[in-house]
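The lines below spell out each chain.
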Amino acid sequence: MSNLILYSKYAWRSIQRGGQRSFFAILCIAVGVAAIVALQNTGYAIQDTIAGDARTNAGADVVVSTVQRFFTKDDLAKFDTLKQQGTILDYTTRVSSTGLSVRKPDGTDSNAFGSFYLAFIIDPAKYPYYGNITFATPDNSALKSVLTQPGQIVLNSKMAKGIGAKVGDKIKAASYGGRQGELQVVGILSDKTSSPGTNGQADFTGYGYISPETATPFFTADQSLPDTVLVKTASTQFADNKARDAIRAASPTYEAQTSEERNTQLKQGIDGLRTLLSYVGLISLLIGSVGVVNTMLVVVGRRSTEIATIKALGMEGGQTVRVFVIESAILGVIGSIFGVVLGELLSLLMARVAQGLVNRSLDYQIYGLPIVLGLIVGVVTAIVFGLLPAYSASKIPPAQVLRQKTNSLPRISWWATLLIILVMTVVMGALCGVILDGNYLLGFITAFGTLVSCSLLVLIFSGILWLVGKLPLPFGLNYKMARRNLSRGRGKSATTMLVMAVGIFSVALVLILASSLKATVQSAIEQSFGYNAQITAKDDAQWRQIQATLDSKEVPGYQKNITLAQANVRLISAGGVDTNELRKRETAKKDENTKNGKSNMQSSQAEDALADIVGLPSDAVSRFYRLNSGRINGSDTEAMIDKSVQDFFGLKIGDKMVYRDLAANQEFELTIVGVYESKNAIIGALGSVTTSLPKAQSIPSHITALEVTFDRDKLDQSISYLKAQYPGLDITDLSYITNVVNQLIDNITAFPVLLALLCLIAGAVLIANNVALAVLERRTEMGVMKSIGADSNRVLAIINWETGIVGFLGGLIGFGLASFASSALVQQLGTPDNPAVLAISPFITLGMILLAVGLALAATVSSAWGAVHEKPLVVLRYE
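The present account deals with the structure reproduced in this document. (Residues numbered from 1 in each chain as written. Predicted model: local features only at pLDDT ≥ 70, side-chain atom pairs only at ≥ 80, totals over all residues. Heavy atoms only, no water.)

## Quick look at the overall build of the chain
Now for step 1: Along the chain, the regular secondary structure elements total 31 helices and 22 strands.
Now for step 2: Expressed as a percentage of the 879 residues in the chain, the buried residues total 52%.
Now for step 3: Taking the contacts inside the chain whose residues are at least 6 apart along the sequence as the reference set, 82% of them involve residues at least 24 apart.
Now for step 4: Accessible surface for the chain amounts to roughly 37,700 Å². Of this, 59% is attributable to carbon and sulfur atoms. (Helix = DSSP H or I, 4+ residues; strand = E, 2+ residues; numbered from the N terminus. Buried < 20%, exposed > 50% of the residue type's maximum accessible area, 1.4 Å probe, protein only. Contact = heavy atoms within 4.5 Å. Areas by Shrake-Rupley, 256 points an atom, 1.4 Å probe, with all protein chains shown as cover.)

## Comments concerning the packing of aromatic side chains
Now for step 1: Overall, the coordinates contain 13 aromatic pairs when judged by the stated rule.
Now for step 2: Each ring, one from Tyr625 and one from Tyr676, has its centre 3.9 Å from the other, and the planes form 10 degrees; the classification is stacked. Remark: Tyr676 occurs in strand E19 (residues 666–678) and Tyr625 occurs in strand E16 (residues 625–630); sequence separation between them is 51 residues.
Now for step 3: Accessibility expressed as a relative area gives 4% for Tyr625, which makes it buried.
Now for step 4: Among the residues examined, Tyr676 registers a relative accessible area of 0% and is labelled buried.
Now for step 5: An aromatic cluster is defined as three or more aromatic residues linked by ring pairs; in this entry it consists of Phe71, Phe79, Tyr91 and Tyr254. (Phe/Tyr/Trp six-rings, centres within 6.5 Å; stacked < 30°, edge-to-face > 60°.)

## What about the nonpolar core?
Now for step 1: Ranked by internal contacts, the top residues of the largest apolar core, which has 25 residues, are Ile613, Ile641, Leu651, Met657, Tyr659 and Val689.
Now for step 2: Sequence-distant contacts of Tyr659, defined by excluding residues within four places in its chain, comprise Val569, Arg570, Leu571, Ile572, Ala609, Ile613, Gln666, Glu667, Phe668, Leu670 and Val689. (Core = buried A, V, L, I, M, F, W, Y, C linked by side-chain atoms within 4.5 Å.)

## What about the side chain of Ser259?
Now for step 1: By secondary structure assignment, the location of Ser259 is in helix H10 (residues 259–302).
Now for step 2: Residue classification places Ser259 among the buried positions, given a relative accessible area of 2%.
Now for step 3: Beyond its immediate stretch of four places on either side in the chain, Ser259 contacts Ala54, Arg55, Ala58, Ala60, Asp61 and Asp240.

## Some remarks on the pairing of strand E21 (residues 703–710)
Now for step 1: In terms of burial, E21 is a largely internal element, seven of the eight residues being buried.
Now for step 2: Here strand E12 (residues 533–536) pairs with E21 via four bridges, running antiparallel. Bridging from a neighbouring strand, Ile535 pairs with Leu706 of E21.
Now for step 3: Looking at chain direction, strand E13 (residues 558–574) and E21 are connected through eight bridges and run antiparallel. Bridge assignment links Gln566 to a residue of E21, and that residue is Ile703. (Pairing = 2+ DSSP bridges.)

## Focus: the side chain of Asp612
Now for step 1: For Asp612, the position within the fold is in strand E15 (residues 612–616).
Now for step 2: In terms of polar contacts, Asp612 uses its side chain to reach the side chain of Arg69, at 2.6 Å.
Now for step 3: A polar side-chain atom of Asp612 sits 3.0 Å from a polar atom in the side chain of Gln566.
Now for step 4: Residues contacting Asp612, with those up to four places away along its chain left out, are Arg69, Gln566, Ala567, Asn568, Val569 and Val689. (Polar contact = N/O pair within 3.5 Å; in protein donor to acceptor, adjacent residues only side chain to side chain.)

## Describing unusual backbone geometry
Comment: phi is negative for the bulk of residues other than glycine, and the bulk of peptide bonds are trans.
Now for step 1: Across the junction of Tyr127 and Pro128, the peptide omega takes the value -15 degrees, indicating a cis bond.
Now for step 2: Secondary-structure assignment places Pro128 in the loop between strand E4 (116–122) and strand E5 (135–137).
Now for step 3: In the segment running from Thr137 into Pro138, the intervening peptide bond is cis, with an omega of -10 degrees.
Now for step 4: Relative to the elements of secondary structure, Pro138 occurs in the loop between E5 and helix H5 (143–146).
Now for step 5: The phi angle at Arg69 is positive, at roughly 75 degrees, despite the residue not being glycine.
Now for step 6: Structurally, Arg69 is set in the loop between strand E1 (62–66) and helix H4 (73–85).
Now for step 7: Phi is positive for Lys553, which is not a glycine, with a value near 65 degrees.
Now for step 8: Structurally, the position occupied by Lys553 is in the loop between helix H20 (540–551) and E13.
Now for step 9: Relative accessible area serves as the criterion here: at 60%, Lys553 is assigned to the exposed category.

## With respect to empty space enclosed by the protein
Now for step 1: Summed over all chains, the structure comprises six cavities of 30 Å³ or more.
Now for step 2: A volume near 50 Å³ is recorded for the second largest cavity.
Now for step 3: Contributions of two or more residues to the lining of the second largest cavity are made by helix H2 (20–50) and helix H12 (317–358).
Now for step 4: It is H2 that provides the largest number of residues to the lining of the second largest cavity, a total of three residues.
Now for step 5: Looking at the lining of the second largest cavity residue by residue, the class counts come to four nonpolar, four polar and one charged. (1 Å grid on protein atoms, 1.4 Å probe; cavity = no way out; pocket = protein on both sides within 12 Å on 5 of 7 lines; lining within 4 Å. Points joined across faces, edges and corners; volume = space filled by probe spheres on them. Nonpolar A, V, L, I, M, F, W, Y, C, P; charged D, E, K, R; others polar.)

## Some words on the pattern of salt bridges
Now for step 1: On inspection of all chains with the given rule, the structure shows 16 salt bridges.
Now for step 2: For the salt bridge of Asp240 with Arg55, the shortest nitrogen-to-oxygen distance reads 2.8 Å. With a gap of 185 residues between them, Asp240 in helix H9 (residues 237–250) and Arg55 in helix H3 (residues 54–58) connect regions that are remote in the sequence. Comparing Asp240 with Arg55, the two get one shared label, buried.
Now for step 3: Here Glu667 and Arg660 are joined by a salt bridge, their closest N and O atoms 3.1 Å apart.
Now for step 4: Here Glu667 falls in the partly exposed class, since its relative accessible area comes to 47%.
Now for step 5: Residues participating in the shared-partner salt-bridge network are Arg244, Asp245, Arg248 and Glu261. (Salt bridge = Lys/Arg side-chain N within 4 Å of Asp/Glu carboxyl O.)

See the structure below:
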C-alpha cells in the first residue's frame, strides 16, 4: 500500500508538471467519453420516447390492420362475434387515410404541403384505451371531454400553427373529394404528443382528430372505412395472445399484433440506431486513445534521463511500469469525469437534433448506465493505451542514457510489442462488447477490424507523406522546412491525417448523399410525372367541366394533362385462388426471400392489389410504366399488374382477378394481359393493378384526378385562375413533394452530420495534442532556430505549414472517398429510364477542404502559440 501511495504521488506530480501536454491528454479522453455518454443518453431517450410502455404506445392490447387496407362492416362483425364470445372485451377503430385541406384565413396555403393535413377519425369515448393524449389547450383535458359534438376538431400544435388557429376558432375545410364544411377548434395538443400509431407523415405535416359524426359530411362511407382496429382484452399476456390468435384465425388477411410484439419491433429498430450511436462514440474514444498513447510516449521520451536516474537508484522495471500505468489511470479518471460532465451538456444538443430524426419530442434526463459506462471505459482505455509507453519506460538502460544524455526510447522486441497490442485490442474488444449491449463477438470483430484497417491506412498515409516530403513546390523556405519535418515524423502525422480523413469522410458522405437524394427526387418527379399540378375533382361532372376549361386554352400556361382514377375495391380471388390462399402464397414467398437474403420491400406494393385499382388512358401507361411482358390493356375487362403482384401472388398473364366494389357491393372481373415495372425506383408505381380509365370511373367509390403540366413561370397564375373558376377546387402544386422530401432529408441528415462532427472535434483535439507534443519534442530545435534569427512568427508558420498540409491531405482523401462511396450508393436509386443524380456542390467540396485545414490550423495555433514565443536562452539553458 505504501508503494502504491508513493507511485501515485510521483505520477500526480508528473501530471502537474506536464502542463499543456497533460491538459491535452485529459481532453482527448474527455472528448471520447463525452461522445459515448451523449450518444448513449440519446439512444435511451429515443427508446423511452418511441418504445416506452407497450400498451400506452399502442393505445390498446392488440392492434389489427389488414392487407386489404380497410375493414368493412362484415369484417367488424367478426370482432363483434369475438366480443360476444368473451375473447376480447371491446374494440374501437381508427381511420388514418382521410385528410382535410385547410388554408389560412386569407386563402393562402398554410404549409409547404398544399395545406393538406391528415384527419384521424376516432371514437373519442373509447380512443385510446391506454395512455393520455396531452393537451396544450385546454390544459389537463381528456379527448372524450373535449371532442363531444359533431363539427368539432382537435388540432396538433403543428397544424394549429400552420393555419393560425386557436381554441374557439371556426375553420373552413375541404376533403380531397371536394366536399367542404366548417369545423370548430375545441382543443390543441401539446407539441410532445405524437401522432396515432407510427404515422410519421402526420408528425411531419400536422394532423387533427375528428369523430365519425364529424367525418360524415366530408367523406363518403367507403372513404371512412377504418384501417386499424384497436382491441382491449383482460390486459394479460395470455389474454392478448389468445385474442391475437383468434383474430388471425378469423382471416389470413388480418395482421394482428399484441402491444408487446409491437413494442419489440420498435425496440429492434431503435437497437440499430443505438448501435450506430455506439459506433460513433467508440470512434471518438479510439481517437482520444491515440492521443493518450502519443502523450505517454513523448512523456517517457522526455523523462528518459529522470527514469534512468531513479532506476540507477534502485527502481525496478516492474515498478516503472506501475508508475506510468498509474499516471495513465489518473489521466483517465480526470478525463472521464470531465467527459461525463461534457457528455451530459452535449446530450441537450443531441436530443434537440435527434427530434428531427424520429419526429418526436425528446425530454432530457440523466441516465445512470451511460455515466457508469463512460467512467469505466474512459479509465480502462487510458490504462490499456498506456501499457506500451509504460513498457518502453521499463526498458530504458540507466547507464546508456546517463552517459549519452539521449531522449530516444529503446527498441522493444517485436514479440513484446505484438503481445501488448494484442492485449490492448482484446481489452478494447471487450469494452466494445459492453457498449454494444453485450455483443462481445461483434465487439472483438470491431476492435480487430479497426486495428488492421487503421494500421494499413496509416502505412498508406505515411507513404503519401513521404512523397509530399520529396515534392518541391515554390512555396518558400517555410514550406521546405515543413516538408522535411513531415518526412521525419511521418508516424504521428499519418495518424493525424487518418483521423482527419475519417471525420471529413463522415460529414461529406452525409452531405453529398443528402444533396444527391434531393436532386434525384427532383429529377424523378420531372421525368416520371411530366406534370407539376394535380387537380382532384369532387365528381365526374366537375372533371368534365375542368377538362373542357383546359381544352379551351383559356388557362394561362396550360400545356397538357392526363386523367387517372383510383377506386377502393376488395380482391375476392385471382387465378382461381381466393384471397386467403393468395395471402399464404405471399407469406411463403417472403419467407423464401428472407432465407435467400432477398428483399421483401415490394411486398407492400403487391398487397395494394387487394385494396384498390387505378384507371389510366392506354396512351398514358407508357409514361409511368415499363412493360415487362404481355401487352397494354385495351378494354374495360382487362388489366395490367405490377411485377411484385406476379412475384408474390404467383399470378400470370391470362389469370382472372375478381373484385368487389365496396360502395355498391357488386363483383366484377378483370383479365391480366400484361405485367409492368415502375420506371423510377423513388416515385414507384401509381398502383399495383391498372385498368382502363372508363372501368375505374364506373366504380362508385372512385376519385378522378387530372395531372396537369403548366409553364413553370405561370404555375401560380394558372392555379389562381382555376380556383377562381371553381371555388373550393382541390388543386395542388406538386412542388410540395419536393418540399416534403427536402425537409425530411434535412431533418434526417442533421443528426448524422452532428455525429460526424463529433469525430472531427475529437480529431481536432488529437491534432492539438500532437502539435503540443511535437513542439515539446523540438524545443531545442526551435531554440536554435530563434537564436540564429528566426522569429516566433516564422517558427509558428513552419508548424502551421506542417499541420496545414496534413489537414489538407486528410480532407482531400476523406472527401474523395466520400464522393466515391456516394456515387456507388446513389446509383442504387436510379433506373435506366431515370438515372440517379450525383450532386456534388462546389461549395461542399471547398467547404470540406477548408473545414479540414481550418480545424488543423486552429488546433495548431491554440496549442503552439505559447511554446513558440518562449525565449531561446531559456530553452537552450534547460534543454
